[in-house]
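Given next are the chains, with one letter for each unit.
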2 protein chains.
Amino acid sequence: MHQVTFRFENNAPEVVVTAAPDSTLLDVARSANVAIDAPCSGNGSCGKCRVKLLEGTVDGPRTQHITEEEYAEGWRLSCASKVASDVVVMVPDIASAYQSRMKTADLSSPQELAIFRALEEKIRAAGIAFENTFVQAELTMDEPTLDDTMPDTERLTRALQAQGYETVKLRYPAVKKLAHTLREGNFHVFAAGLTENGVLTVLDVTTDAQPMYGCAIDIGTTTVTGVLLDLKTGEIKAKASAGNGQIRYGADVINRIVEQQKPGGVARLQDAIIKETLLPLIAVMCKSAGTAAGRILRMSIASNTTMNHLLLGVDANPVRMEPYIPTFFHWDGLQAQELKLPANAAAQVRLAPNIGSYVGGDITAGAFTTGLWDQDEFSLFIDLGTNGELVFGNRDFMMSCACSAGPAFEGGDISCGMRATDGAIEAVQIDKETMTPTLKIVGDAGQKPVGLCGSGIIDVIAELYRTSIISAKGQFVREGARVAHDAHGMGRYILATAGESETGREIAITEVDIESFIRAKAAIFSAIHTMLASLDMDVSVLEHVYVAGGIGSGINMENAVRIGMLPDIDRSLFEYVGNSSLAGAYAMTLSDAANEKIHELAQGMTYLELSTHPGYMDEFVAACFLPHTDAGLFPSSVQE
Amino acid sequence: MHQVTFRFENNAPEVVVTAAPDSTLLDVARSANVAIDAPCSGNGSCGKCRVKLLEGTVDGPRTQHITEEEYAEGWRLSCASKVASDVVVMVPDIASAYQSRMKTADLSSPQELAIFRALEEKIRAAGIAFENTFVQAELTMDEPTLDDTMPDTERLTRALQAQGYETVKLRYPAVKKLAHTLREGNFHVFAAGLTENGVLTVLDVTTDAQPMYGCAIDIGTTTVTGVLLDLKTGEIKAKASAGNGQIRYGADVINRIVEQQKPGGVARLQDAIIKETLLPLIAVMCKSAGTAAGRILRMSIASNTTMNHLLLGVDANPVRMEPYIPTFFHWDGLQAQELKLPANAAAQVRLAPNIGSYVGGDITAGAFTTGLWDQDEFSLFIDLGTNGELVFGNRDFMMSCACSAGPAFEGGDISCGMRATDGAIEAVQIDKETMTPTLKIVGDAGQKPVGLCGSGIIDVIAELYRTSIISAKGQFVREGARVAHDAHGMGRYILATAGESETGREIAITEVDIESFIRAKAAIFSAIHTMLASLDMDVSVLEHVYVAGGIGSGINMENAVRIGMLPDIDRSLFEYVGNSSLAGAYAMTLSDAANEKIHELAQGMTYLELSTHPGYMDEFVAACFLPHTDAGLFPSSVQE
């Protein structure tokens, strides 16, 4: 048994662990919860899991992702390196970049709350009340005496009945601590619960009148975001985000389902999202709001179909295997304790309903927030996450579809790609004459670039095309200081030289990267086109285009049109709606009518299966150009 | 830090454990789950926790429970001995006798099932249907295809709707494994659930048509007994009993409540009953029935008020402190998962309702089984466990009370007392002339005596009194081979000499023991008398006396009358009804009407608080004689 010592470029404390026989460095890292990015889940194809061997030996081939020079310096792919002695390795920052630090939002920033304010206005206007049936009753009881010995539950029930709640049910979390609570409060307490069909179900009894809390969570494949809110006023009390802990088992849903099938996989993936992600995330929010998780009485979760199956520990394999059958679309009656979610054990858990194996609750929740179901004119809703999902329609009908855009929008499949964390290049401009780039970097002033995130990739490709540095096929057609070629003649554009970058490694975008990304944007555009064509329509019918998702925050719509990802229509029709999945979950938490409406929308939405739809492949191939083989579709995308 | 090695007289494998600083041998034994009997919970008063020091030294005084000779041999009270070096101690069999081995009942013995058969007959005759609303539906569904991609939950729901179940709810345990179950069964499965108010709630979906199981449990302070049954037919599939794992924290409810108040005590007592007792008990029953705990869809639990509070992790301290307020009497809606009980996570848990701090669900369940609530004539129900509880009444009214009989009926507070396990003397006859005893011993033929259990104590005192060896005050008044006196003149009767006993220690009953027991029997009789007197009645109104409880199995009614414990009425009116608490729990599991009736009985039963009742103390003092100061109450108890 060999020992593996992980050291970290960012000077985090080193981790020493014993390697199980025959395990790779990635296996060992996973077992020790050491964050090493492996979007391909360790099959050697993505090249992201590189670490530097400082001492000892590992067994394994040099792969295409490591140059001979790098190999000599000690660089190895951790997924392709079996531990062959005691070893010491250095984990570079970029390899652990996915483990995005927990971020708590500053609620004094108007931007943070804008989406919720806008939502409430829009949804109320559509006739959906922002109300629920939670109640909090203040109770003052006589203290028991030798002549008045009724048990605590009966005393509480009678006090509630005196306030008009005829039928009262008590749930375990309230009863378990009732003796203590009543006595601590000198029999003056607050009972919090839910009224349904004339029955008050008490979930919690407290000595203070703290708000009843709800929690809305968006579980993205990459990032998890939550808000903690006052269940009666809707006021947001805290907001935070963190990386989805499952990501070490693969960047996309397929790799995670594969991992779930392995022995112990169900629990491993459930623990990664619940224990490792939601638990600290909710703890941080509760701390910031000055409350405890036990005060959360309702939780609403919006997520894609695979994410909600993995969350529940439900076998997701039939989702990925023909004929692609999820266990559930919608499902009522889930309780926090069934998943050991950090909340009152009897808290109600609402799941945003799925409508297909690849169009999940995040999309139904998101589409709801746009209000497109309340409009006469036609709208398109696009969620650009690890996958791309679309909803098209109006008050009369809605159609959805999903396309496999791959992880390119989030920096996967791109040699210098990374997520939109510190050091990511999120916007690029290129001077046509000098070819010199101007970069906008995520992070504090003076942050040097580390890699390229989704919005940066859109920008750099759009700018390379506009400045005629690359052709419509994505090939380099101009030479210059920033353009280089490798031994095989493959071109690349250098965004930052080794000296300019944070890591001392050049940051460039290669022809292979551009090809990957063109396929991703082509998937989106051809999905839009195919869906509209299936209805005998085209992009001219669109009156609104709502763009949502993690990619979106820095997205330059002009450039997204220029590369042929979004349709070439009046730019004022585009609206970036942020994390609409989270906003939808917020509405579900607060409003029973919104929850019903989201379920109603899901029931009524048709699902177009693109992969078997005639004509989709042709559309896709036609879109694999800048901006498109049919340049007439993009009149405003011209080269200078 | 010192090491403690426990060796066992019964040759169980030795246990080695590190002692926390300043801990006694009993502390160390508890931390290591080594069973050492300590009915007084370690305050030095009972003298039951003696062990023999083989190596090393302990700090602590010799107590009254250890003779100088024994002290020299190494005998120590483990609760009074602090570990002062590495030590090796021997745990005698009697010290671990409480850890009564798990016993599985032989269901081919008609005796084992008699109580349930008799119950069903009696209860049906009283108009209570033995029915519940569990259903098991056999479903055959079309397998999904690319043209029929509805999710599994919808497919299942539609199949159930086709059988007439209009509204279907699915609980988590069924949904979690649904994908697997449907495919394993080729979409031919069995759905088990509960119908209530027109809603079918599915708890389990399986590929086989195994019965739906229910589980009825009696949680006694000392012993826990359960039956596993077919929820539709009522057939008993397994029966088993085990010691209550909480016993190492004290023999009576008060000591356990004290332990619950200590840091971590709530979890410790809950673990002792759930993890250490119910889990193995139910596992044994499931194994014997060829099923799994997940197939248990309803559990009914009858237990005294303290036991059900400790089971639920509910603070029991207000139960023991004036004004003696339990958290609950009755409480609906508990689920197995809330207590992590070994059953289907969504299984319904029914609790037999309490009617006072010291008259619990075991008594309401037990009183139900006697049918006294359906009779015109007056009956008395007596449960002789660690406490004594009484119910008196008929179809028009019922009154209950509890008396603190102490642990004497189960061998506590008696120098050679033990529980009714192997080696216990359970019946005694004494020859008037020779004073020689004839003993009946629990265990296989040839078993030598170890100690004296409750029914044996009743016998020996009755026989000593009949044969005029002791006086009405319980003092020795005849001399002879079997009577001895210590240095202070205290008399004792020798049941087995050191040579005749299993342990090599003499087994005797002392004047102090007899005094203790007279107080216990006086508590019972004076409770009967006081309760009847409070209604202006006396024992002549009694048409039935039902005796239940652990003590009862070997009880000689004649001797119980002779010592003045039970009233001197026609012996044919006495009926031993065995474990009526378990039988009541069985009825609650199987029959919704029985469950309702038990709750109705509990609602209607009055509770007489004896401790503050005028006259009770006088009655008690008057009963502290053999048979009673008013010998006219016991005309048939005469000395020969």
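Further up the page is the structure itself.
Residues numbered from 1 in each chain as written. Chains lettered and ligands numbered in written order. Predicted model: local features only at pLDDT ≥ 70, side-chain atom pairs only at ≥ 80, totals over all residues. Heavy atoms only, no water.

Caption draft 1: Representation of the overall build of chain A within the structure. When helices and strands are counted, chain A shows 18 helices and 30 strands. For a compact globule of 640 residues, the expected C-alpha radius of gyration is about 26 Å, and chain A comes in at 27 Å, within 12% of that figure. For chain A, the spread of C-alpha atoms along the three principal axes comes to 95 × 65 × 50 Å. Considering chain A as a whole, with its 640 residues, one finds that 60% of them fall into the buried category. A sequence separation of at least 24 residues applies to 68% of the contacts in chain A between residues at least 6 apart. Of the roughly 24,200 Å² of accessible surface on chain A, a fraction of 49% belongs to carbon and sulfur atoms. Within chain A, the 80 negative side-chain charges are centred at a point lying 4 Å from the centre of the 50 positive side-chain charges. (Helix = DSSP H or I, 4+ residues; strand = E, 2+ residues; numbered from the N terminus. Rg over C-alpha atoms; globule rule 2.2 N^0.38 Å. Buried < 20%, exposed > 50% of the residue type's maximum accessible area, 1.4 Å probe, protein only. Contact = heavy atoms within 4.5 Å. Areas by Shrake-Rupley, 256 points an atom, 1.4 Å probe, with all protein chains shown as cover. Lys, Arg positive; Asp, Glu negative; His and termini not counted. Charge placed at Lys NZ, Arg CZ, Asp CG, Glu CD.)

Caption draft 2: Seen up close, the pattern of salt bridges. Residue and element names in this part refer to chain A. Considering all chains together, one arrives at 65 salt bridges over all chains under this definition. For E70, the salt bridge is made with R505, and the minimal N-O distance between the two is 3.6 Å. Here E70, found in helix 2 (residues 68–73), pairs with R505, found in the loop between strand 26 (491–496) and strand 27 (507–510); they are 435 residues apart in sequence, far enough to count as distant. Residue classification places E70 among the buried positions, given a relative accessible area of 14%. Between D374 and R395 there is a salt bridge, and its shortest N-O distance comes to 3.4 Å. (Salt bridge = Lys/Arg side-chain N within 4 Å of Asp/Glu carboxyl O.)

Caption draft 3: Here's a closer look at the relation of the copies chain A and chain B. Overlaying chain A on chain B yields an RMSD of 0.1 Å, the required transformation being a rotation through 180 degrees with an accompanying axial translation of 0.1 Å. Expressed as an axis order, the relation between the two copies is that of a two-fold axis. Among all residues of chain A, the minimum C-alpha distance to the rotation axis is found for Q337 of chain A, at 4.0 Å. Take the interface residues of chain A: 100% of them recur as interface residues in chain B, which is what a same-surface contact looks like. (Least-squares fit on C-alpha atoms with pLDDT ≥ 70 in both.)

Caption draft 4: Fine view of the packing of helix 12 (residues 361–370) of chain B against helix 17 (residues 592–604) of chain B. Residues and elements named next belong to chain B. Two elements in contact, helix 12 and helix 17, have axes separated by 9 Å at closest approach and are oriented at 110 degrees. The angle between helix 12 and helix 17 places the two elements in the roughly perpendicular class. Read as a crossing pair, helix 12 and helix 17 show a hand that is right-handed. Residues T364, A365 and F368 of helix 12 form the contact with helix 17, whose participating residues are A594, K597, I598, L601 and A602. Residue composition of the contact of helix 12 with helix 17, grouped by class: 6 nonpolar, 1 polar and 1 charged. (Axes fitted to C-alpha atoms, helices over the stretch in contact; angles between N-to-C directions. Parallel < 35°, antiparallel > 145°, perpendicular 65-115°, else oblique. Left-handed = near helix turned anticlockwise from the far one by under 90°. Nonpolar A, V, L, I, M, F, W, Y, C, P; charged D, E, K, R; others polar.)

Caption draft 5: Inspection of helix 8 (residues 265–289) of chain B at higher detail. Residue and element names in this part refer to chain B. A rise of 1.5 Å per residue sets the reference length of helix 8, with its 25 residues, at 36 Å; its end C-alpha atoms lie 34 Å apart and thus fit the reference within 8%. Taking the largest bend as the criterion, helix 8 deviates by roughly 35 degrees, centred on D271. All of the buried residues in helix 8 are G265, L269, Q270, A272, I273, I274, T277, L278, L281, I282, M285 and C286. Phi for G290, located one or two positions after helix 8, is positive at around 70 degrees. (Expected span 1.5 Å × (residues − 1). Bend = angle between axes of the 7 residues up to and from the residue.)

Caption draft 6: Quick look at the interface of chain A and chain B. Between chain A and chain B, the residue contacts involve 41 residues of the former and 41 residues of the latter. Carbon and sulfur atoms make up 62% of the surface buried where chain A meets chain B, a total of about 3,200 Å² over both sides. In this structure, E338 of chain A and R171 of chain B form a salt bridge, with 3.1 Å as the shortest nitrogen-oxygen distance. Inspection of the region where chain A meets chain B yields 14 residue pairs in polar contact (both at pLDDT 80 or more). Looking at the side of chain A that touches chain B, the elements that each hand over two or more residues are helix 4 (152–162), helix 5 (172–176), helix 6 (178–184), strand 17 (334–335) and helix 11 (336–339) of chain A. Counting residues per element, the side of chain A that touches chain B draws most heavily on helix 5 of chain A, at 4 residues. (Buried area = accessible area lost by both parts, 1.4 Å probe. Polar contact = N/O pair within 3.5 Å; in protein donor to acceptor, adjacent residues only side chain to side chain.)

Caption draft 7: Up close: the nonpolar core. In this structure, V460 and I461 of chain A are the most contacted members of the largest nonpolar core, which totals 67 residues. For this core, the leading source of residues is helix 14 (residues 511–534) of chain A, giving 12 residues. Counting residues in each nonpolar core, the second largest holds 66 residues, with I430, A520, F525 and A623 of chain B among its members. (Core = buried A, V, L, I, M, F, W, Y, C linked by side-chain atoms within 4.5 Å.)

Caption draft 8: Molecular detail of the sheet that holds strand 12 (residues 199–206) of chain B. Residue and element names in this part refer to chain B. Taking strand neighbours across the sheet as the criterion, the 4 strands line up as 9-11-12-10 in an open arrangement whose pairing is mixed. Only two strands of the sheet have a single partner each, and these edge strands are strand 9 (134–140) and strand 10 (167–170). Pairs of neighbouring strands in the sheet enclose a mean axial angle of 35 degrees, with direction left out of account. Here strand 9 runs beside strand 11 (residues 188–196); their pairing, made up of 7 bridges, is antiparallel. Across the sheet, the residue bridging to L139 is V189, located in strand 11. (Pairing = 2+ DSSP bridges.)

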